[in-house]
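Understanding the architecture of this molecule
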Amino acid sequence: MTKKAVHFGAGNIGRGFVAEFLHDSGYEVVFADILDNIIDQLQKSPSYTVTEIGAEGEKKFTITNYRAINSKYHEADVIKEVSTADLVTCAVGPNILKFIAPVIAKGINLRSEGLPPTAVIACENAIGATDVLAGFIKDPHTPADRRESLHERARFGNSAIDRIVPGQDPNAGLDVKIESFYEWVVDKTPFHGHGHPEIKGVKWVDDLQPYIERKLFTVNTGHATAAYHGYNRGFKTIAEALNDPGVNKEVQKALEETATLIVKKHKIDPNEQKAYVEKIIKRISNPHLEDTVVRVGRAPLRKLSRKERFIGPASQLVEYGYAVPALLDAIAAAFKFQNVEGDEESVELAEILKSHSAEAATEKITGLEKSHALFEPVKLIVEKVKKETKPSI
Ligand SMILES: NC(=O)c1ccc[n+]([C@@H]2O[C@H](COP(=O)([O-])OP(=O)(O)OC[C@H]3O[C@@H](n4cnc5c(N)ncnc54)[C@H](O)[C@@H]3O)[C@@H](O)[C@H]2O)c1
Ligand SMILES: O=P(O)(O)OC[C@@H](O)[C@@H](O)[C@H](O)[C@H](O)CO
C-alpha cells in the first residue's frame, strides 16, 4: 500500500528537498500551504522538476504522485489527511509552527485506534523544532484527557536538515533549483517500538544534538555572517560577498570561533571540523546558486535570538572563557539589517532599536540574561548601532 505524507509548507525546502526525498521513498505527498498561487499550480500540474546543481553539472528529477490543499480555506480536509498519514513533515519557518499545530493536533486526535502512531518531523533551521511543534500540539490543542496517550497516536522526531535552496526565479513555476549536497539527520529514539519511517537518504541517529549544533553553528552562522557583512557592503549575492576578501575573512574567523565550541562540546576531531568548515565555505560560495544576502539574512530577530546561530555559540564560548570578536562583528552587522524591503522582522528590528534603550533592546532581541558575560559587549554594539542608524533631523 502507498504510504502517505502530509507536508506543511510547499516552499523552497518543501518542494525542493523534502518532497523529493519522500517521492523517491514511495510516499504520496499531500502539500498544505496558504499560498493560493502555489497550491493552484500544484493542483493543476501533475509534475514538476527539481534540478540539482553540483560541481559535476546539473541533474533533473521529476516529482509526481502529490496532491495539494489550501489550508487557509480547507482546514477540515487537511485535518482528515493528517488523521490517516504515515508521516507529517513541515518546512514553514520556526515562527509558523504555532499556526500549523492546531490542525495537526486535530488530525492526530481523530486517528483511528488500529493505526500505528504517525511520525511527525519538523524540517526547520532550529534546535528542537519538532519539540516546539509537539509542545503546541499537546498543550493547548490536544484535549487534556488525551495528552498522556498522545504517543500512541503520534511520535515526534527532531531533525537537522541541510541543503541550500535559494530563492527561485519567479517565472519558474513549481520547478526548484537546489544544490546537490544534502544532509537530513533525524533522532530515531522517539520511534522505538514501532520503528522509524523509511525515508531514503535520511540518517537516523540516537543523539541529534551534535548534528544540529554543528549544522546551525557552522552552515548557518557562516551563511548569516556572509549575508550581514555582505549586505552592509552593498553585495547582492552570498557568492559576491564571499568573493570580497574582507567578508571572506570575517566568515573564516567566525567559523574558527564556532569550531572551537563544536570540537570542545561535542568532542569532534578538530581536523574533521576543519574539513567540514572548508566544505561549507565552498558550498555557500557556489555562484551557480545565486543565493541573495536578503534571503540568507531574512528574519534578523529570529537569527539574533538566544539559541540561534550567533548568540547561541557566542554565549556558550564566553561561558567556556573564550573571546568571540568575529561573532560580535557579525552580531553588529546583523543589527544593521534594518528596513529591508519584504522583510518584516528587519522593520521590527529598526522599531525596537528606535523605541528602546540599548539595554532593553539587547534583552528583548537576544534574550540574554543581564548577568551573562555576553550581555555587556552586545549592549555596547546595540548602543553604537542605535547612534549610527539614528535618523538625522
Ligand atoms: N532554503 C533553504 O536553503 C533551507 C535549508 C534548510 C532548512 N531550511 C528551513 O526550512 C524552512 C522553510 O524554508 P524555505 O526556504 O523553504 O522557505 P519558503 O518561504 O520558501 O517556504 C515556506 C513555505 O511555508 C508556507 N507557509 C507559511 N505559513 C504557513 C501555514 N500557516 N501553513 C502552511 N504553510 C505555510 C509559505 O507559504 C511557504 O510556501 C525554514 O525553517 C528554513 O530555515 C531552509
Ligand atoms: O533558513 P534560515 O532563514 O534559517 O537561514 C537562511 C539560510 O542560511 C538557510 O536557509 C540555508 O540555506 C540552509 O540552512 C542550508 O541548509
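Here the structure is a predicted model, which means the values were calculated and not measured.

**Focus on the sheet that holds strand β7 (residues 118-122)**
Taken in spatial order, the six strands line up as β5-β2-β1-β6-β7-β8 in an open sheet, and their pairing is parallel. The open sheet is flanked by β5 (66-70) and β8 (154-156), the only strands paired with a single partner. Taking the axes of each pair of neighbouring strands and ignoring which way they run, one obtains an average angle of 20° across the sheet. Pairing geometry for strand β6 (residues 87-90) and β7, over four bridges, is parallel. What sits directly across from Cys90, in β7, is Ala122. Its contacts with the sheet place helix α1 (residues 12-24) against β1 (3-8), β2 (27-33), β5 and β6, and it is angled at close to 155° to β2. Contacting β7 and β8, helix α5 (residues 129-138) runs over the sheet at an angle of about 120° to β7.

**Concerning unusual backbone geometry**
Of the consecutive residues Asp139 and Pro140, the connecting peptide bond is found in the cis state with omega at 25°. If you trace the backbone, Pro140 turns up in the loop between α5 and α6 (150-153). A positive phi is found at Lys267, a non-glycine position, where the angle reads about 50°. Within the secondary structure, Lys267 is located in the loop between α9 (245-266) and α10 (270-284). Phi at Asn339 takes a positive value of approximately 50°, unusual for a residue other than glycine.

**Details of the site of ligand 2**
Neighbouring ligand 2 are Asn125, Asp162, Arg163, Ile164, Val219, Asn220, His223, Val296, Arg298 and Ala299. Broken down by element, the residue count for the shell around ligand 2 peaks at three residues, all from helix α7 (residues 209-232). Class assignment of the residues belonging to the shell around ligand 2 gives a composition of four nonpolar, three polar and three charged. Mapped onto the domain boundaries, the shell around ligand 2 takes at least three residues apiece from domain 1 (3-207) and domain 2 (210-388).

**Thoughts on the UniProt feature "domain: Mannitol dehydrogenase N-terminal" (unreviewed entry) in the protein**
The sites that carry the UniProt feature "domain: Mannitol dehydrogenase N-terminal" (unreviewed entry) are, in the present numbering, residues 4-199. Regarding residues 4-199, the helix share stands at 30% and the strand share at 29%, and the terminal C-alpha atoms are separated by 12 Å.

**What about the site of ligand 1?**
Close contacts around ligand 1 come from 27 residues, with Gly9, Gly11, Ile13, Glu124 and Asn125 the closest. Of all the secondary-structure elements, those providing two or more residues to the shell around ligand 1 are α1, β2 and α4 (97-109). Ranked by the residues each element gives to the shell around ligand 1, the list is headed by α1, at three residues. Here the residues of the shell around ligand 1 sort into 17 nonpolar, seven polar and three charged.

**Topic: the nonpolar core**
Burial of nonpolar side chains together is a common tendency in soluble globular proteins. Of all hydrophobic cores here, the largest spans 119 residues; its most connected members are Val82, Ile104, Val120, Leu327, Ala330, Ile331 and Ala334. Both domain 1 (3-207) and domain 2 (210-388) contribute no fewer than three residues apiece to this core. Setting aside residues up to four positions removed in sequence, Ala330 forms contacts with Ala224, Thr225, Tyr228, His229, Glu250, Ala254 and Phe310.

**Observations concerning the sheet that holds strand β11 (residues 183-187)**
Two modes of strand pairing occur in sheets, parallel and antiparallel, and in both the strands are linked by backbone hydrogen bonds. One open sheet holds the three strands; their spatial order is β9-β11-β12, and the pairing between them is mixed. In the strand order of this sheet, the two ends are held by β9 (159-162) and β12 (203-205), each with one partner. Strand-to-strand twist in this sheet, taken as the mean axis angle between neighbours without regard to direction, amounts to 15°. Pairing between β9 and β11: four bridges, direction antiparallel. The partner of Ser159 across the bridge, within β11, is Val186. Seen against the sheet, α7 touches β9, β11 and β12 and runs at an angle of roughly 35° to β9.

**Some words on the domain arrangement of the protein**
Assigned domains within the protein: domain 1 (3-207) and domain 2 (210-388). Computed over C-alpha atoms, the centres of domain 1 and domain 2 are 28 Å apart. Of the residues lining the interface, 15 residues belong to domain 1; the matching set on domain 2 comes to 17 residues. Its residues assigned to classes, the side of domain 1 that touches domain 2 shows nine nonpolar, three polar and three charged.

**Regarding the environment of Ile365**
Take Ile365: it is sitting in helix α16 (residues 358-366). Spatially, the C-alpha atoms of Ile365 and Asn65 are 43 Å apart, while their sequence positions differ by 300 residues. Those residues in contact with Ile365 that sit more than four places away from it in its chain are Leu301, Leu304 and Ile352.

**A look at the packing of α4 against α5**
Here α4 crosses α5 at 60°, and the two axes come no closer than 8 Å. What the angle tells us is that α4 and α5 run oblique. Between α4 and α5 the crossing geometry is right-handed. On α5, the residues touching Leu97, Lys98, Ala101, Ile104, Ala105 and Ile108 of α4 are Ala129, Val132, Leu133, Phe136 and Ile137.

**Quick notes on the pairing of β7**
Summarising burial for β7: five of the five residues are buried, a large majority. In β7, alternate side chains face the same way, and those of Thr118, Val120 and Ala122 on one face and Ala119 and Ile121 on the other are all buried. Regarding the hand of the β-α-β motif, the stretch spanning β6, α4 and β7 is right-handed. Relative to β8, β7 runs parallel, the two being bridged by three bridges. In the sheet register, Thr118 faces β8, and the bridge partner there is Ala154.

Cut-offs used in this document
- Residues numbered from 1 in each chain as written.
- Chains lettered and ligands numbered in written order.
- Predicted model: local features only at pLDDT ≥ 70, side-chain atom pairs only at ≥ 80, totals over all residues.
- Pairing = 2+ DSSP bridges.
- Helix = DSSP H or I, 4+ residues; strand = E, 2+ residues; numbered from the N terminus.
- Axes fitted to C-alpha atoms, helices over the stretch in contact; angles between N-to-C directions.
- Contact = placed C-beta atoms within 7 Å.
- Near = placed C-beta within 6 Å.
- Nonpolar A, V, L, I, M, F, W, Y, C, P; charged D, E, K, R; others polar.
- Domains from an automatic or database assignment.
- UniProt positions renumbered as here; feature names shortened; annotations may be inferred.
- Core = buried A, V, L, I, M, F, W, Y, C linked by C-beta atoms within 7 Å.
- Buried ≥ 20, exposed ≤ 12 C-beta atoms within 10 Å, placed from the backbone.
- Parallel < 35°, antiparallel > 145°, perpendicular 65-115°, else oblique.
- Left-handed = near helix turned anticlockwise from the far one by under 90°.
- Right-handed = clockwise from strand over helix to strand, strands pointing away.

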